[in-house]
Amino acid sequence: MLKTLRFILGDQLSRELASLRDIDAGTDVVLMAEVMDEATYVRHHKKKIAFVFSAMRHFATELQDRGYQVDYRRLDDRQYGKSLRATLVQAVKRHRPDRVVVTEPGEWRLLTDMRDWQSACGRPVEIRDDDRFLCARKQFNDWFDAQKQPRMEYFYRQMRRQTGYLMVADKPAGGRWNFDTENRNPLKDNVELPAIKQFRPDAITADVLTLVDERFADHFGELTPFRFAVTRSQALAVLRHFIANALPRFGDYQDAMLQDERFLFHSILSLYLNIGLLTPREVCDRVENAYQSGHVPLNCAEGFIRQIIGWREYVRGIYFHEMPDYADNNYFSAQGKLPVFYWTGETDMNCLHQVISQTRDEAYAHHIQRLMITGNFAMLAGVAPGEIHDWYLRVYADAYEWVELPNTLGMSQFADGGLLGSKPYAAGGNYINKMSNYCQHCRYKVSAKSGPDACPFNYLYWDFLIRNRDQLEHNRRLAFPYKHLARMSEERIAQIHRDSRRFLQSL
Ligand code: FAD
Ligand code: DLZ
Ligand code: SF4
């Protein structure tokens, strides 16, 4: 029997992982390592590091309990290196395997590095496809290259046909593919919100929290209270809780935001899916069952399944199809620095204050908060895409580049010039006021268009359209605002410039 060293990364905590599939408990060794390079290649949120380390330690324990030999390197083990590659080289010397098996990582920088591991460690290194996704990279590339307009909606329909989710024979359940228009209700203060499922840290997590507190004290974010699930059985409990309590109204309020309410009807499942504790298939299977048994309406099941088999798979496909050049995209040539308040939350703009404070505390914000508050503001203010990409990758517990980069650069900043989205998600205060009650608690007036008390989103929105006219005015989906702009007086345009310059200089 070949003795195999199976190197499992921090976001590969799945029992059915390709590189664990043919494991032989008698001969093989599983290698897992907490390393400084992965914890600091961007300075991740403290909660994210604690989540990854704790879930890794629990996963290693679970494998050991099942009789597998695990070489688990803690961050404090001095004799191993500070990178994954150095760790592997040391582990090969120690275990003398015939070969090394890994699963491809979710970030390009590591995939590039991994391709050199064979020469670095002197053993054959087999890199297996990550088949935890529903659409293989090759399948996505073939689909993408054959399309004139490779939009998510068409990809999604193909994935519905392929998986059979919410299909009646070859037709979509309810006669429509997409119930997005029914998923845009604002929330009233008096709608009862479900509690979220949380867990008390056990001894393993408590050790990790001490480590993170000591070693990463200067990283962004609050470490405690730490309430994430860190095992598969806990993650399954979160999934069950979501389906029972939040999914029945998930669709209706998918785009809503509410002062001091951080989770609403969202699932908080991305961190468990992305680290491997749950699979997209089992999550969708259960949602489909909940729909078939009449527990949730179609618009909620469809809205949720679309995010998983549509957006999640689509952004991964785009990432690997377009990298490595994708990260350099800057369609608007934006060069601005990220405002300091993205790290402190200290701003009079209540919507940004709410979302950034919540991000600091929870390492979580839901989609519309990421897209229409922090993302929208950065784009309107002309922040360089690289700066905002770095921020998103650091601050969210679910952030890995394969999913974060296309969402940030493509969807939220339109920095890819429209590869991922058909128009920029740019909006003034009216949108935020419609979808939230943030403006009621803000020192700025959302109804005012100019002057020091006006909502900054209002003039920055027009300033953005004026500044980027050459890149945007031919976009048919922006015909309406550009028509409006054409009718604006010179004095009004000059006022927009003045307000925008005054405001941006004050940051
Ligand atoms: P729910 O609202 O409950 O949605 C259900 C699931 O659908 C999520 O758990 C997630 O797995 C999937 N999903 C929903 N939207 C997307 C999407 N656009 N792309 C991929 N999957 C999606 N998601 C990440 O997982 N990691 C990131 O680093 C990340 N960065 C983002 C950055 C920006 C600028 C934007 C606009 C979005 C980003 N997203 C990211 C997508 C989305 O915001 C999160 O997946 C979602 O907020 C996670 O919360 P949830 O689990 O409660 O999601
Ligand atoms: C995110 C992360 C962190 C913080 N630490 C580790 C680690 O110490 N060891 C490890 O194997 N993985 C870690 N990860 C996850 C990796 O960064 C992730 O596997 C790559 O970014 C590829 O997606
Ligand atoms: Fe945000 Fe403007 Fe509303 Fe204030 S008024 S919360 S800045 S949208």
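Up top is the structure these notes are about.
One structure accompanies this document, and this report is about it.

Cut-offs used in this document
Residues numbered from 1 in each chain as written. Chains lettered and ligands numbered in written order. Predicted model: local features only at pLDDT ≥ 70, side-chain atom pairs only at ≥ 80, totals over all residues. Heavy atoms only, no water. Helix = DSSP H or I, 4+ residues; strand = E, 2+ residues; numbered from the N terminus. Rg over C-alpha atoms; globule rule 2.2 N^0.38 Å. Buried < 20%, exposed > 50% of the residue type's maximum accessible area, 1.4 Å probe, protein only. Contact = heavy atoms within 4.5 Å. Areas by Shrake-Rupley, 256 points an atom, 1.4 Å probe, with all protein chains shown as cover. Lys, Arg positive; Asp, Glu negative; His and termini not counted. Charge placed at Lys NZ, Arg CZ, Asp CG, Glu CD. Phe/Tyr/Trp six-rings, centres within 6.5 Å; stacked < 30°, edge-to-face > 60°. Lys NZ or Arg CZ within 6 Å of the ring centre and 35° of its normal. Near = heavy atom within 4 Å. Polar contact = N/O pair within 3.5 Å; in protein donor to acceptor, adjacent residues only side chain to side chain. Nonpolar A, V, L, I, M, F, W, Y, C, P; charged D, E, K, R; others polar. Salt bridge = Lys/Arg side-chain N within 4 Å of Asp/Glu carboxyl O. Expected span 1.5 Å × (residues − 1).

A word on the overall build of the protein chain. Broken down by element type, the protein chain carries 23 helices and seven strands. Against the globule reference of 23 Å for 507 residues, the protein chain gives a C-alpha radius of gyration of 24 Å, in line with a compact fold. Across the 507 residues of the protein chain, 58% fall into the buried class. Sequence separation of 24 or more characterises 76% of the internal contacts of the protein chain that already satisfy a separation of 6 or more. Taken as a whole, the protein chain presents about 21,200 Å² of accessible surface, with 47% of it coming from carbon and sulfur. Distance from the positive charge centre (67 side chains) to the negative charge centre (65 side chains) of the protein chain: 2 Å.

Our focus in this paragraph is the packing of aromatic side chains. Scanning the entire structure with this criterion turns up 36 aromatic pairs. Considering the side-chain rings of F377 and F503, the 6.2 Å spacing of their centres and the 80° angle between planes classify their relative orientation as edge-to-face. In this pair, F377 is assigned in helix 16 (residues 367-380) and F503 in helix 23 (residues 490-506), connecting sequence segments 126 residues apart. Assessed through its relative accessible area of 5%, F503 is described here as buried. Here the aromatic rings of Y459 and F503 are separated by 6.2 Å at their centres, their planes lie at 70°, and the arrangement is edge-to-face. Of this pair, Y459 sits in helix 20 (residues 456-467) while F503 sits in helix 23; the two residues are 44 residues apart in sequence, bridging distant segments of the chain. Each residue in the set F341, Y342, F377, W391, Y392, Y396, F457, Y459 and F503 is aromatic and connected to the rest through ring pairs, giving one cluster. Taking the ring centre of W108 as reference, the NZ or CZ of R115 above it sits at 5.7 Å. The ring of F133 carries the charged tip of R316 above its face, separated from the ring centre by 3.9 Å.

Inspection of the region around ligand 2 gives 20 residues, with G10, D11, A33, V35 and E38 positioned closest. In this structure, A33 approaches ligand 2 through a main-chain N or O atom, which is 2.7 Å from a nitrogen atom. G106 is positioned such that a nitrogen or oxygen atom in its backbone is 3.3 Å from an oxygen atom of ligand 2. Within the complex, the protein chains bury 100% of what would otherwise be the 490 Å² of accessible surface of ligand 2. Broken down by secondary-structure element, the contributors of at least two residues to the shell around ligand 2 are helix 1 (36-40), helix 2 (46-65) and helix 4 (108-114). The greatest single-element share of the shell around ligand 2, amounting to three residues, is contributed by helix 2. Here the shell around ligand 2 is composed, by residue class, of 12 nonpolar, three polar and five charged.

What follows concerns unusual backbone geometry. Cis peptide bonds are those with omega within 30 degrees of zero, and the linkage from T224 to P225 qualifies with -5°. Within the secondary structure layout, P225 lies in the loop between helix 8 (203-215) and helix 9 (232-245). Cis geometry marks the peptide bond from M323 to P324, where omega comes out at 10°. When you line up the elements, P324 lands in the loop between helix 13 (298-322) and helix 14 (341-344).

On to the pattern of salt bridges. Counting across every chain of the model gives 40 salt bridges. Note that E126 and R99 form a salt bridge whose closest N and O atoms lie 3.2 Å from each other. Taken together, the positions of E126 in strand 5 (residues 125-128) and R99 in strand 4 (residues 99-103) put the pair 27 residues apart, joining distant regions of the chain. A relative accessible area of 18% places R99 in the buried class. The closest approach of N and O atoms between D398 and R370, which form a salt bridge, is 2.9 Å.

To continue, consider helix 12 (residues 280-292). Residues three or four positions apart in an α-helix share a direction because the helix packs 3.6 residues into each turn. Helix length check: helix 12 (13 residues) gives 18 Å between terminal C-alpha atoms against 18 Å at 1.5 Å per residue, within 8%. Taken residue by residue, helix 12 has P280, E282, V283, C284, V287, E288 and A290 as its buried positions. Along its buried surface, helix 12 packs onto helix 9, helix 10 (247-250), helix 11 (270-275) and helix 13. In the stretch just after helix 12, G294 is the one whose phi turns positive, near 85°.

Keep in mind these values describe shape, not function.
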